[in-house]
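Here are the chains, one letter per residue:
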Amino acid sequence: MTRAISIDVHHVTRIEGHGNIVVDAVNGQVEKVEWQVPEAPRFFEAMVRGRSWQDIQTIVSRICGICSFAHALASIKAVESAMGIEVSEQTDRLRVLAFGGEQMESHVLHVGYLVAPDLLGVNSVIPLASSHPEVVAAVIRAHRLGNEWMELLGGRRTHPVSFRPGGFGKLPKDSELRQLKERLQKIVPDLSLIAETVGALAGKLPAFERPTEYVALVEPGVYTFYHGLIGSTDTTQRLPLNRFEQVVNEYVVRQSTAKWARWHRDSYAVGALARFKLNHSYLHPLAARTATSLGLTPSCCNPYMNSVAQVVEAVEVVEAAIEQIDVLLTEGIRQEAPRRVHPKAGTGVGAIEAPRGTLFHKYTFDDNGLCTGANLCIPTNQNHANIQKDFEALLPTVMDRDEAQIRLLLEMLVRAYDPCVSCSTH
Amino acid sequence: MGKPRLAIFDFACCEGCQLQIVNMEEEILDLLTVVQPVEWREAISDHSEEYDIALIEGSITRPEDEKRLQEIRGRAGILVALGACATTGGVNKLKNSFGMDDVKACVYGAAAGMPHLATAPTKAVHEVVKVDAKVHGCPMSRREFSYVIKCLASGTTPVTPNYPVCVECKMRETICRYEYNEVCLGVITRGGCNAPCPAGGLWCFGCRGLVDDPNVDAAHDIMDKYGRTVEELKGRMRLFNNLEGRP
């Protein structure tokens, strides 16, 4: 008897943006397996042309509602690089602190609201509010704190307004930072409860390993999200940011409106697991212990474990933020104005570790500070080809399962990457 | 009578307005007492073609998306535009200042001719179908969203503020951005957001669209008083209210 498998997930749910999964197989032979992205492109690289250096961050933060701080900060770093602006140590430290809030907010949202329902066999987080009230309450508290942390430093929780090329339009007060520190200390037990719950469910994550290239920013001594050079598990060479186009090598494929990327292999991965593999030795103590207790090791090549790495990073950014606040409070916040920018012609690159991986922004400006060209490479751009390659490797190993199980495994694989699909199409 | 069934759909956008719904945290449970979500792809794996209220996030940039929106309109009793991309076209309308072949070549280079990359000038939702209510802003405000949903669920018409952002800066005692030698669009932009941007250290960039009858004379006076030009104001207005290449 012929056994045909036909899967057509038209718009995968519980991810950001529009992606489809298509599988055709007959008698165990895969005829077609595709990760498709039909998202409507918005053409940001074309839209910023003619716009002032002052308005770039306001436009490009709209690439992504979930990582708007990453886009705003990457663009500001690029503008500052093009205009030759060096910011104060205080500005730098406050930006790193602000960005920690987005990592926590985004990771908790992904693990708690989008991935947990798969592990507990439900369609959304809503039924979990009554079946698992304690851990859902912890998720809500951590998610809210991430948002309020962002709001304090960015002026708003989505599409920040306090960041400027050269510094801050509005600075937090010492008393507000002290309050934030107290709340960060109090959230640690909630994060531990979330980690324990994920640990108890981690056995439900498929045991699928596929070695690939992992790329992230690297900085000696720091589990970095904000500074550093471009690192990879396939080479000991570290590239400066202005050579990012030699890393991403973007190309267009028929099945996706978002570009794909490749470096040393057919595909590579960015994100929490990539950062963990490259930078794990610099984790703070509690984050390192959390990784150990969750069974996450640097040799891990299981893409489903990206969600586990996100839990580790949520702990990491809280520990790091407490230290950063201590340094800021020791010195006291100086109410300094942003450094003055004298517009000039030039090109600048900014990079940052967005929650989903390495994000690159490049802009060129004319003498009046008007943008003449841009190139933006988003983390999920860099993951699309890797998701496709994972599909191709995973599918033949699970052909004995029923269609619904195969479909769920593929959907969970997509979700594990926490894809920002509309962001990747931009 | 049961609760109205609610479906959320997204078109070209950053999905930041849907994120504001998630950011309501446990307050979502309050809203669930007045509406029943039957489709919300970003957060729930359910799917339905029967709903009473359709919420539309994003702007419309392709013929196939116009068709999908018209089908949604045909099924929904009430259709709401959610956030700037839907209510004004948002930043996505910056595209309309260029030719479509130009923007495709700029982004996709030699591959620009591939059929799946086709695009059309950006439209706001009301430029494609009838819109019954709007939740303005980029991102939309959670408070306003909750208010509009409760109004619609109880059969009343939500009232949209129609005064400029300046009113709210005055109420908050925020120092005017013109005092910092900056060009701010608060004088002509629809309030109701509680002016978070000037308070957070940035000028208003007009994400809620213009008030119905902007006081142009007052805007001219402010430009004169601070030595700024209407051209500067118009330049910044393009970000969220680009009128060039209007379809």
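Source: prediction; values computed, not measured. (Residues numbered from 1 in each chain as written. Chains lettered and ligands numbered in written order. Predicted model: local features only at pLDDT ≥ 70, side-chain atom pairs only at ≥ 80, totals over all residues.)

**Regarding the overall build of chain B**
Inference 1: Scanning chain B for helices and strands turns up ten helices and five strands.
Inference 2: For chain B, whose C-alpha radius of gyration is 19 Å, the value lies close to the compact-globule estimate of 18 Å for 247 residues.
Inference 3: Counting only contacts in chain B whose residues sit at least 6 apart along the sequence, the fraction spanning at least 24 positions is 74%. (Helix = DSSP H or I, 4+ residues; strand = E, 2+ residues; numbered from the N terminus. Rg over C-alpha atoms; globule rule 2.2 N^0.38 Å. Contact = placed C-beta atoms within 7 Å.)

**Here's the deal with the overall build of chain A**
Inference 1: Scanning chain A for helices and strands turns up 14 helices and twelve strands.
Inference 2: Computed over its C-alpha atoms, the radius of gyration of chain A comes to 21 Å, within 12% of the 22 Å expected for a compact globule of 426 residues.
Inference 3: The dimensions of chain A, computed from C-alpha atoms along their principal axes, are 75 × 45 × 40 Å.
Inference 4: Expressed as a percentage of contacts within chain A between residues at least 6 apart in sequence, the contacts between residues at least 24 apart total 73%.

**Notes on the interface of chain A and chain B**
Inference 1: Taken together, the contact between chain A and chain B spans 44 residues of the former and 46 residues of the latter.
Inference 2: Secondary-structure elements contributing two or more residues to the side of chain A that touches chain B are helix 1 (44-47), helix 2 (56-60), helix 4 (89-119) and helix 6 (133-154) of chain A.
Inference 3: With four residues, the top contributor of residues to the side of chain A that touches chain B is helix 6 of chain A.

**Thoughts on the confidence of the model for chain B**
Inference 1: Mean pLDDT for chain B: 95, with 99% of residues reaching 70 or above.
Inference 2: The ipTM value of the predicted complex is 0.97, and its pTM value is 0.97. (pLDDT = per-residue confidence, 0-100.)

**A short note on the sheet that holds strand 2 (residues 20-26) of chain A**
Residue and element names in this part refer to chain A.
Inference 1: The antiparallel open sheet is built from three strands, whose spatial order is 1-2-3. Every interior strand has two partners, whereas the edge strands, strand 1 (4-9) and strand 3 (29-36), have only one. Between one strand axis and the next, the sheet turns through 5 degrees on average, direction left out of account.
Inference 2: Across six bridges, strand 1 lies against strand 2 in antiparallel orientation. In the strand pairing of strand 2, A4 is matched with V26. (Pairing = 2+ DSSP bridges. Axes fitted to C-alpha atoms, helices over the stretch in contact; angles between N-to-C directions.)

**What to know about the domain arrangement of chain B**
Residue and element names in this part refer to chain B.
Inference 1: When its domains are assigned, chain B resolves into domain 1 (5-153) and domain 2 (165-240).
Inference 2: Taken together, the contact pairs eleven residues of domain 1 with nine residues of domain 2.
Inference 3: Of the residues assigned to the side of domain 1 that touches domain 2, the class counts are four nonpolar, six polar and one charged. (Domains from an automatic or database assignment. Nonpolar A, V, L, I, M, F, W, Y, C, P; charged D, E, K, R; others polar.)

**Quick notes on the sheet that holds strand 9 (residues 268-269) of chain A**
Residue and element names in this part refer to chain A.
Inference 1: With mixed pairing, four strands are arranged side by side in an open sheet as 8-7-6-9. Because the sheet does not close on itself, it has two edges, and the strands there are strand 8 (235-239) and strand 9.
Inference 2: Bridge analysis of strand 6 (residues 213-218) against strand 9 gives two bridges, and the strand direction is parallel. Residue pairing across strands places E213 opposite Y268, the latter belonging to strand 9.
Inference 3: Lying over the sheet, helix 9 (residues 272-279) contacts strand 6, strand 7 (229-232) and strand 9, oriented at roughly 70 degrees with respect to strand 6.

**Comments concerning the environment of A74(A)**
All names here are of chain A.
Inference 1: Note on placement: A74 falls in helix 3 (residues 68-83).
Inference 2: Remark: the alpha-carbon pair of A74 and F168, spanning 94 residues in sequence, is separated by 15 Å.
Inference 3: A74 has contacts with G350, A351, I352, L359 and H361, leaving out every residue within four places of it along the chain.

**Brief notes about the packing of helix 12 (residues 379-394) of chain A against helix 13 (residues 403-416) of chain A**
Residue and element names in this part refer to chain A.
Inference 1: Helix 13 packs onto helix 12 with a crossing angle of 150 degrees between their chain directions and a minimal axis gap of 11 Å. If you check the angle between helix 12 and helix 13, you find them roughly antiparallel. The handedness of the crossing between helix 12 and helix 13 is right-handed. Note on element contacts: helix 13 touches helix 12 through L409, L410, L413 and V414, opposite I387, D390, F391 and L394. (Parallel < 35°, antiparallel > 145°, perpendicular 65-115°, else oblique. Left-handed = near helix turned anticlockwise from the far one by under 90°.)

**Concerning the packing of helix 4 of chain A against helix 11 (residues 306-331) of chain A**
Residue and element names in this part refer to chain A.
Inference 1: Direction vectors running N to C along helix 4 and helix 11 enclose 155 degrees, while the axes themselves pass 9 Å from each other. Classified by the interaxial angle, the pair formed by helix 4 and helix 11 is roughly antiparallel. Crossing angle aside, the handedness with which helix 4 passes helix 11 is left-handed.
Inference 2: Residue classes in the contact of helix 4 with helix 11 are distributed as 15 nonpolar, seven polar and two charged.

**Describing unusual backbone geometry**
Residues and elements named next belong to chain B.
Inference 1: In this structure, the amide linkage connecting C138 to the following residue, P139, adopts the cis form with an omega of -5 degrees.
Inference 2: Its place among the elements puts P139 in the loop between strand 5 (133-135) and helix 6 (142-153).
Inference 3: Backbone geometry at E15 places phi at a positive 65 degrees, although glycine is not the residue there.
Inference 4: With respect to the helices and strands, E15 occurs in the loop between strand 1 (5-10) and helix 1 (16-22).
Inference 5: Accessibility expressed as a C-beta count within 10 Å gives 26 for E15, which makes it buried.
Inference 6: Even without being a glycine, N194 presents a positive backbone phi close to 70 degrees.
Inference 7: Counting through the fold element by element, N194 comes out in the loop between helix 7 (165-172) and helix 8 (196-199).
Inference 8: Its 14 C-beta neighbours within 10 Å are what place N194 among the partly exposed residues. (Buried ≥ 20, exposed ≤ 12 C-beta atoms within 10 Å, placed from the backbone.)

**Comments concerning the environment of I78(B)**
Residue and element names in this part refer to chain B.
Inference 1: Looking at where I78 falls in the secondary structure, it is placed in strand 4 (residues 78-82).
Inference 2: According to the C-beta neighbour criterion, I78 is partly exposed, with 17 such atoms within 10 Å.
Inference 3: Considered as a pair, I78 and L152 are 74 residues apart in the sequence and their alpha carbons are 8.3 Å apart.
Inference 4: Other than its neighbours up to four places away in sequence, I78 contacts D52, I53, D132 and L152.

**Let's talk about the environment of V198(A)**
Residue and element names in this part refer to chain A.
Inference 1: In this fold, V198 is placed in helix 7 (residues 174-201).
Inference 2: Taking the C-beta count within 10 Å as the criterion, V198 has 23 such neighbours and is therefore assigned buried.
Inference 3: In sequence terms V198 and T212 are 14 residues apart; their C-alpha atoms lie 25 Å from each other.

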